[in-house]
There are 2 protein chains.
Amino acid sequence: MQNKPALTLVKIGGKVLDNPVALAQILEDFSTINGPKILVHGGGNEASRLAEYMGIQPLMVEGRRVTDAAMLDIVVMTYAGLLNKKMVAQMQSLGQNALGLTGADGNSILSVKRPFKNIDFGFVGDVVAVNATFIHNILTQNIVPIFCAITHDGQGQLLNTNADTIASQLAIALSELYNVKLYYCFEKSGVLEDVDNEDSLIKNINEKLYKNLREKNAIHSGMIPKLDNCFEALNKGVKSIIIGHHTAIASKDHFTTISL
Amino acid sequence: MQNKPALTLVKIGGKVLDNPVALAQILEDFSTINGPKILVHGGGNEASRLAEYMGIQPLMVEGRRVTDAAMLDIVVMTYAGLLNKKMVAQMQSLGQNALGLTGADGNSILSVKRPFKNIDFGFVGDVVAVNATFIHNILTQNIVPIFCAITHDGQGQLLNTNADTIASQLAIALSELYNVKLYYCFEKSGVLEDVDNEDSLIKNINEKLYKNLREKNAIHSGMIPKLDNCFEALNKGVKSIIIGHHTAIASKDHFTTISL
């Protein structure tokens with residue numbers, strides 16, 4: 001276990017994706033990380049903006065986008081097209097040989113269309129397999145994969161997929177080959193006791209504390225799926241996880257360390 | 001020279017990209033090609049349609065799109081996003097491990113922004129370098145690269161690039177390592193003496209015949225840059241070139257063979 005090489009996996013999402021200055025800083029900070037690394041990004045508001053332009057009303061249920069055929073096209077255009085390729089070009093200008101990927105590319109992430117229960121989420125995928133061999137081969141060539149939140153079902157269908165889940169599933173699959181350090185970066189300083197107070201940062205959170213805080217309803221609803229993902233990943237071999245502000249990549253500050 | 005492995009490079013463009021049935025057939029035909037292969041695609045009318053939706057008027061000068069910042073975003077969304085990723089997913093469903101690429105990905109195709117002469121083409125790139133090592137490494141993993149017509153300048157800028165040029169520059173660069181067979185596929189049966197008469201197909205064209213036909217103004221203006229690209233490629237080591245209907249990949253009919 002100790003002999004595995006290190007791999008850093010950074011997931012960025014939220015408002016930073018809509019802020020070119022913050023995004024440029026993140027890519028610069030990310031490029032200073034030594035050794036193999038992977039970037040995973042969400043979509044920001046770009047897809048909603050384009051949908052509005054085209055007169056299509058984005059529909060959100062339980063914090064997740066309902067993806068009909070028209071919205072899937074928009075999501076693929078903005079996530080896999082605009083956002084992903086601009087980041088790849090920026091990384092190249094920083095001397096980093098980036099490669100933009102959806103889960104369809106290299107069959108890197110296979111998913112299934114979410115089964116219809118109470119809500120039909122449309123063309124939304126749940127990850128079922130990660131092609132660690134393909135990703136490992138890319139990493140050994142000093143290439144930096146940049147994943148957007150699109151996967152495929154192997155039957156020709158692209159699927160909109162939660163970026164946090166993509167990050168944790170990649171981290172789990174690659175833990176067979178690497179000691180994976182996973183960063184979830186967004187606009188907050190980490191897990192906060194009071195979501196409106198950055199000083200209420202919890203510096204360390206483990207499963208027991210998480211259980212206690214949930215019982216007291218002291219975890220913000222948006223943070224629950226993130227933390228569930230984290231503990232699943234740690235239980236499945238991921239070495240360490242950090243949730244924090246996007247400046248945490250370089251500053252080693254403003255973050256929460258998640259442990260079992 | 002004879003010991004180099006074969007590589008098939010297929011460029012598709014024109015109206016077939018707007019016809020899902022024809023496109024599915026092309027991908028099926030393409031998937032039957034044995035050995036290493038690469039697909040290069042243009043953009044069809046998808047970009048113009050999206051621009052119209054968004055109230056942006058596409059501007060064409062001398063048959064080429066003028067690409068301002070707004071149009072570049074649209075081109076990146078439709079070529080690198082929608083078209084490219086749908087093709088990658090479809091190829092995966094055919095058991096072909098496809099990988100969608102712009103020239104920024106893996107620093108595979110570097111270009112320079114076209115210098116301003118009489119016409120400012122905007123964010124349009126002329127190819128200056130192909131990363132044959134990266135592409136060769138991909139091919140040796142039985143991965144099928146699918147290139148869209150976007151490149152980068154290495155300074156963070158994506159650039160709209162002619163797909164025919166991308167195909168010929170890839171073919172030339174990879175001729176160091178492979179015996180490259182290059183197909184240019186579109187909706188016509190090949191090079192026609194009379195553009196409105198499919199029976200006027202020229203089955204073989206060499207440099208001498210091309211020169212004669214040009215002197216007689218018997219080559220359609222849209223075909224001239226294509227043929228110029230072909231003869232440049234043949235003179236720089238590409239083994240064989242075919243211009244023909246997209247069914248030519250499988251049917252071995254409806255095409256013109258280009259030779260020196």
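Fair warning: this is a prediction, and the values are worked out from it, not measured in the lab.

(A) Up close: the overall build of chain A. Check the secondary structure of chain A and you find 8 helices and 14 strands. Here the C-alpha radius of gyration of chain A, 18 Å, is about what a compact globule of 260 residues would show, namely 18 Å. A principal-axis box enclosing the C-alpha atoms of chain A has dimensions of 45 × 45 × 35 Å. Out of the 260 residues in chain A, the part that is buried amounts to 55%. Long-range pairs, those at least 24 residues apart, make up 70% of the contacts in chain A with a sequence separation of at least 6. Surface accessibility of chain A: about 10,900 Å² in total, with carbon and sulfur atoms responsible for 49%. Each charge class in chain A can be summarised by its mean position, and for the 23 positive and 25 negative side chains these summaries are 5 Å apart.

(B) Layout of the packing of aromatic side chains. Throughout the structure, instances matching the rule amount to 2 aromatic pairs over all chains. Directly above the aromatic system of Phe30(A) lies the positively charged group of Lys37(A), at a separation of 5.7 Å from the ring centroid.

(C) Structural context of the interface of chain A and chain B. Contacts between the two partners involve 38 residues from chain A and, on the opposite side, 38 residues from chain B. Buried area between chain A and chain B, both sides added, is near 2,900 Å², and the carbon and sulfur share of it is 68%. If you sort the residues of chain A by the area they bury against chain B, Met54(A), Met77(A) and Lys85(A) come out on top, with a joint share of 18%. Taken together, chain A and chain B are joined by 4 salt bridges. On the surface where chain A and chain B come into contact, there are 14 residue pairs in polar contact (both at pLDDT 80 or more). The element contributing the most residues to the side of chain A that touches chain B is helix H3 (residues 69-93) of chain A, with 14 residues. The class makeup of the residues in the side of chain A that touches chain B is 17 nonpolar, 17 polar and 4 charged.

(D) Broad picture of the nonpolar core. Counting 172 residues, the largest nonpolar core has Ile38(A), Leu227(A), Ile258(A), Ile38(B), Leu227(B) and Ile258(B) as its most contacted members. Discounting chain neighbours no more than four positions away, the residues touching Ile38(A) are Leu7(A), Thr8(A), Leu9(A), Val10(A), Phe30(A), Ile135(A), Leu139(A), Pro145(A), Phe147(A), Leu170(A) and Leu174(A).

(E) Geometry of the relation of the copies chain A and chain B. The two copies are related by a screw motion: chain A maps onto chain B through a turn of 180° and a shift of 0.0 Å along the axis, at an RMSD of 0.0 Å. Such values leave the two copies arranged in the relation of a two-fold axis. If distances are taken from each C-alpha of chain A to the rotation axis, the shortest is found for Gly81(A), at 1.9 Å. In this assembly the copies share their binding face: 100% of the residues contributing to the interface of chain A also contribute to that of chain B.

(F) Main features of the packing of helix H5 (residues 163-174) of chain A against helix H7 (residues 223-235) of chain A. Residue and element names in this part refer to chain A. One way to put it is that H5 packs onto H7 with a least axis distance of 10 Å and a crossing angle of 5°. Between H5 and H7, the angle is such that the two are roughly parallel. Across the interface between the two elements, Asp164, Thr165, Ser168, Gln169 and Ile172 of H5 pack against Lys226, Asn229, Glu232 and Ala233 of H7. Of the residues contributing to the contact of H5 with H7, the split by class is 2 nonpolar, 4 polar and 3 charged.

(G) Molecular detail of the environment of Ile249(B). Residue and element names in this part refer to chain B. Checked against the element boundaries, Ile249 lands in helix H8 (residues 248-251). A relative accessible area of 3% places Ile249 in the buried class. For the pair formed by Ile249 and Glu28, sequence separation is 221 residues and the distance between their alpha carbons is 10.0 Å.

(H) Representation of the sheet that holds strand E13 (residues 240-245) of chain B. All names here are of chain B. Within the open sheet, the 8 strands sit side by side as E5-E8-E2-E1-E11-E13-E14-E12. Their pairing is mixed. Of all the strands in the sheet, the pair left with one neighbour each is strand E5 (98-101) and strand E12 (204-206). Strand after strand, the sheet turns through a mean of 20° between neighbouring axes, direction not considered. Pairing geometry for E13 and strand E14 (residues 255-259), over 4 bridges, is antiparallel. Within the sheet, the bridge partner assigned to Ile242 lies in E14 and is Thr257. Lying on the sheet, helix H7 (residues 223-235) is in contact with strand E1 (6-12), strand E11 (179-186), E12, E13 and E14; it crosses E13 at an angle near 155°.

(I) How the structure looks around the sheet that holds strand E11 (residues 179-186) of chain A. Residues and elements named next belong to chain A. Taken in spatial order, the 8 strands line up as E5-E8-E2-E1-E11-E13-E14-E12 in an open sheet, and their pairing is mixed. Both outer strands of the open sheet, strand E5 (98-101) and strand E12 (204-206), are each paired with one neighbouring strand and no more. With direction set aside, neighbouring strand axes in the sheet form an average angle of 20°. Here 4 bridges tie E5 to strand E8 (residues 144-148), and the two strands are oriented parallel to one another. Bridging from a neighbouring strand, Gly100 pairs with Ile146 of E8. Across the sheet, H3 is in contact with strand E1 (6-12), strand E2 (37-41), E5 and E8; its angle to E8 comes to roughly 160°.

(J) Local environment of the environment of Ala173(B). Residue placement: Ala173(B) occurs in helix H5 (residues 163-174). Sequence separation of Ala173(B) and Asn131(B) is 42 residues, and the distance between their C-alpha atoms is 8.0 Å.

(K) Looking closely at the confidence of the model for chain A. Within chain A, residue pLDDT values average 92, and 98% of them lie at 70 or more. Taken over the whole predicted complex, pTM reads 0.95, whereas the ipTM for its chain interfaces reads 0.94.

(L) Seen up close, the pattern of salt bridges. Residues and elements named next belong to chain A. Inspection of every chain in the model, using the stated rule, returns 18 salt bridges over all chains. We note a salt bridge from Asp164 to Lys11, for which the minimum N-O separation is 2.8 Å. One end of the pair, Asp164, is in helix H5; the other, Lys11, is in strand E1, and 153 residues separate them in sequence. Summarising the burial analysis for this pair, Asp164 and Lys11 share the class buried.

What counts, and where the lines are drawn
Residues numbered from 1 in each chain as written. Chains lettered and ligands numbered in written order. Predicted model: local features only at pLDDT ≥ 70, side-chain atom pairs only at ≥ 80, totals over all residues. Heavy atoms only, no water. Helix = DSSP H or I, 4+ residues; strand = E, 2+ residues; numbered from the N terminus. Rg over C-alpha atoms; globule rule 2.2 N^0.38 Å. Buried < 20%, exposed > 50% of the residue type's maximum accessible area, 1.4 Å probe, protein only. Contact = heavy atoms within 4.5 Å. Areas by Shrake-Rupley, 256 points an atom, 1.4 Å probe, with all protein chains shown as cover. Lys, Arg positive; Asp, Glu negative; His and termini not counted. Charge placed at Lys NZ, Arg CZ, Asp CG, Glu CD. Phe/Tyr/Trp six-rings, centres within 6.5 Å; stacked < 30°, edge-to-face > 60°. Lys NZ or Arg CZ within 6 Å of the ring centre and 35° of its normal. Buried area = accessible area lost by both parts, 1.4 Å probe. Salt bridge = Lys/Arg side-chain N within 4 Å of Asp/Glu carboxyl O. Polar contact = N/O pair within 3.5 Å; in protein donor to acceptor, adjacent residues only side chain to side chain. Nonpolar A, V, L, I, M, F, W, Y, C, P; charged D, E, K, R; others polar. Core = buried A, V, L, I, M, F, W, Y, C linked by side-chain atoms within 4.5 Å. Least-squares fit on C-alpha atoms with pLDDT ≥ 70 in both. Axes fitted to C-alpha atoms, helices over the stretch in contact; angles between N-to-C directions. Parallel < 35°, antiparallel > 145°, perpendicular 65-115°, else oblique. Pairing = 2+ DSSP bridges. pLDDT = per-residue confidence, 0-100.

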